[in-house]
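# Topology and contacts: notes
Here is what each chain is made of, one letter per residue.
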Amino acid sequence: MKFQIYLILIISSFIISCSSSNTGSPFGDFKSTTCTGDNCSNSTPAAEPSIERDDNSDVILGKYDNALEVGGKCRLKDIPDSEISITVIAEGGATRTLVDGFVPIIGNTAVSNRVAKCEKGRWAIAISACNNLMGAAGAHQIEFTLKGKDKNNSTVAISDGKITMNLIRSEACDASVQ
């Protein structure tokens, strides 16, 4: 009986993901019919926003948590390149746009040219969570802003290009892990 249930689930998922009436496959990257850039195919645009997190819940860190990995889905339509800026807003209101203290998991990871990007429908960034205004106990916010780069490397605004996450640090970072 278990085998039959698994077989039905597998067949159903293939039918759903390959259906021509879907507005976006539940598996894979976002695509657009009007797209002329790298993220293109003949399917219709997905209903998801331009940038989203895989898990939209608050993140809770303890005093030994010194790194934070965040990622999700993104969509560029016909824009050939992108960058994601990261802004930290500490509980007291201090704000910092990060130029260091993070490593793009998807994007250009060279130290001299560190740029987080949307590539093939995904984005991911590792952030040092014991500095960058996030080391103190309290409720902090991190804003991720997806910006397009056209073929002339000029910035292009993207609708739904900003998401915010709450980071709750229960205790200040332990000095030995910084």
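Fair warning: this is a prediction, and the values are worked out from it, not measured in the lab.

### Considerations on the confidence of the model for the chain
When the pLDDT values of the chain are averaged, the result is 77; 71% of them are 70 or greater. Mean pLDDT across the elements of the chain ranges from a minimum in helix α1 (residues 2-18), with 43, to a maximum in strand β5 (residues 95-97), with 96. Predicted confidence is poor over residues 2-47, with pLDDT under 50, and the contacts of this stretch with residues over four places away or in other chains come to 52 contacts.

### Looking at the sheet that holds strand β3 (residues 67-74)
Strand order in this open sheet of four strands is β1-β3-β9-β6, and the pairing throughout is antiparallel. Each of the sheet's edge strands pairs with one partner strand only, and the pair in question is β1 (51-53) and β6 (102-104). On average, each strand axis in the sheet is inclined to that of its neighbour by 30 degrees, with strand direction left out of account. In this structure, β6 lies alongside strand β9 (residues 122-128), joined through three bridges in antiparallel fashion. Note on β9: the bridge partner recorded for Val 103 is Ala 126.

### Things to note about the pattern of salt bridges
Counted according to the given criterion, the structure contains five salt bridges. When the shortest N-O distance is used, the salt bridge between Lys 117 and Asp 81 registers 3.2 Å. Of this pair, Lys 117 sits in the loop between β8 (115-116) and β9 while Asp 81 sits in strand β4 (residues 81-89), placing them 36 residues apart in sequence.

Criteria and thresholds
- Residues numbered from 1 in each chain as written.
- Predicted model: local features only at pLDDT ≥ 70, side-chain atom pairs only at ≥ 80, totals over all residues.
- Heavy atoms only, no water.
- pLDDT = per-residue confidence, 0-100.
- Helix = DSSP H or I, 4+ residues; strand = E, 2+ residues; numbered from the N terminus.
- Contact = heavy atoms within 4.5 Å.
- Pairing = 2+ DSSP bridges.
- Axes fitted to C-alpha atoms, helices over the stretch in contact; angles between N-to-C directions.
- Salt bridge = Lys/Arg side-chain N within 4 Å of Asp/Glu carboxyl O.

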